[in-house]
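# Notes for the structure review
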Amino acid sequence: MAHFAELDSNNTVLRVVVIDNDAVSNNGGDKSSQAETYVKNLLGHSTGGVAWKQTSYNRSFRRSFAGAGCTYDPSADIFISPKPYPSWVKNLTGTKDDGYSDWDAPVAWPGADVEYTDPWGNKAPYYWNWNEENTRWQGTMIHAKDSDNLGITKQVYWDPSSSTAKDV
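As a convention, each chain's residues are numbered from 1 in the sequence order in which they are written. A pLDDT threshold of at least 70 governs which residues receive local features in this predicted model, and a stricter bar of 80 or more applies before side-chain atom pairs are shown or counted, although totals over entire chains, interfaces and linings include all residues. Side-chain numbers here rest on the full set of heavy atoms in the structure, without hydrogens or water.

Here we come to the overall build of the protein. Helix and strand content of the protein: 2 helices and 13 strands. Computed over C-alpha atoms, the radius of gyration of the protein comes to 22 Å, more than 25% over the 15 Å expected from 2.2 N^0.38 for 168 residues, which places it beyond the range of a compact globule. Once the C-alpha set of the protein is aligned to its principal axes, its extents read approximately 65 × 35 × 30 Å. Restricting the contact set of the protein to residue pairs at least 6 apart, pairs at least 24 apart contribute 41%. Only the protein chains shown count as cover for residues, and all accessible areas are computed by the Shrake-Rupley method using a 1.4 Å probe. Carbon and sulfur atoms make up 48% of the accessible area of the protein, which totals about 9800 Å². Looking at the protein, you have 15 positive and 21 negative side-chain charges, and the mean spots of the two groups are 4 Å apart. In this description a helix means any DSSP run of H or I spanning at least four residues, a strand means any run of E spanning at least two, and both kinds are numbered starting from the N terminus. For the radius of gyration, the atom set is restricted to C-alpha positions; the globular benchmark scales as 2.2 Å times the number of residues to the power 0.38. The contact criterion used throughout is that any non-hydrogen atoms of two residues lie within 4.5 Å. Think of it this way: Lys and Arg go in the positive column, Asp and Glu in the negative one, and His and the chain ends go nowhere. Here the site of a charge means NZ on Lys, CZ on Arg, CG on Asp, or CD on Glu.

What follows concerns helix α2 (residues 33-43). An α-helical turn contains 3.6 residues, so a residue and the one three or four places further along point in the same direction. Looking at α2, one finds that the buried residues are A35, E36 and V39. All buried residues of α2 project into a common sector of 100° when viewed along the axis, lining one side. Lining the buried residues of α2 we find β1 (2-7), β2 (13-19), α1 (21-25) and β3 (51-55). Among the residues trailing α2, G44 stands out with phi positive, at a value near 70°. Classification of residues uses two cut-offs on accessible area relative to the type maximum, computed with a 1.4 Å probe and protein chains only: under 20% is buried, over 50% is exposed, and between them is partly exposed. By arc we mean the arc of the directions from the helix axis to the C-beta atoms, nothing more.

A few words on the pairing of β1. Across the 6 residues of β1, 6 count as buried, placing the element largely inside the fold. Residues A2, F4 and E6 line one face of β1 and the alternating positions H3, A5 and L7 line the opposite face, and both faces are buried. The pairing criterion is simple: DSSP has to find at least two bridges between the two strands. The pairing of β1 with β2 spans 6 bridges and is antiparallel. The residue bridging H3 from the neighbouring strand is V18, located in β2.

Moving on: the nonpolar core. Core analysis: the biggest nonpolar cluster contains 16 residues, and W88, Y126, W128, W130, W137 and W158 have the highest contact counts within it. For this core, the secondary structure elements donating two or more residues are β5 (78-80), β10 (127-131), β11 (136-144) and β12 (151-159). Once residues lying within four places of it in the same chain are set aside, the contact partners of W128 are W109, P110, G111, V114, W137, Q138, G139, V156, Y157, W158 and A165. By nonpolar core we mean a set of buried residues, namely Ala, Val, Leu, Ile, Met, Phe, Trp, Tyr and Cys, connected to one another through side-chain atoms within 4.5 Å.

Coordinates in, geometry out; function isn't part of it.
Here you go:
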């Protein structure tokens, strides 16, 4: 099945619809203006809609699979995910192999391999979340407290200058 994104006048995706592959093949083929016209004639436009662009579910073209709120960049011919936080900056140098991260935090993600040692000597990962208010990565340490396996947590933040997690 083929997927088409309806765009508004700002190139923001309003919705994504599924169209039969044969209909696309019989109307110009993938990424063609003829297929876009076919979808326009078939479905018209919803309120605010002005154009249709094909998107790829497996990201074989146009970088990312479009969803409501994504934008289409006509100069690069790609779809871009919504900006997650005001402080993040656009980064379109990623590849399919690294997940096409469209946005970078102002502080690099510490990574999944950053670990702490729990009170029993076991290695465990931090659970990182972006803290927009402090523009930094904040992590949570979780481990069992007693024989009832009640969890206790401790908050830390990532200090990129020392490459360590520090207490909040």
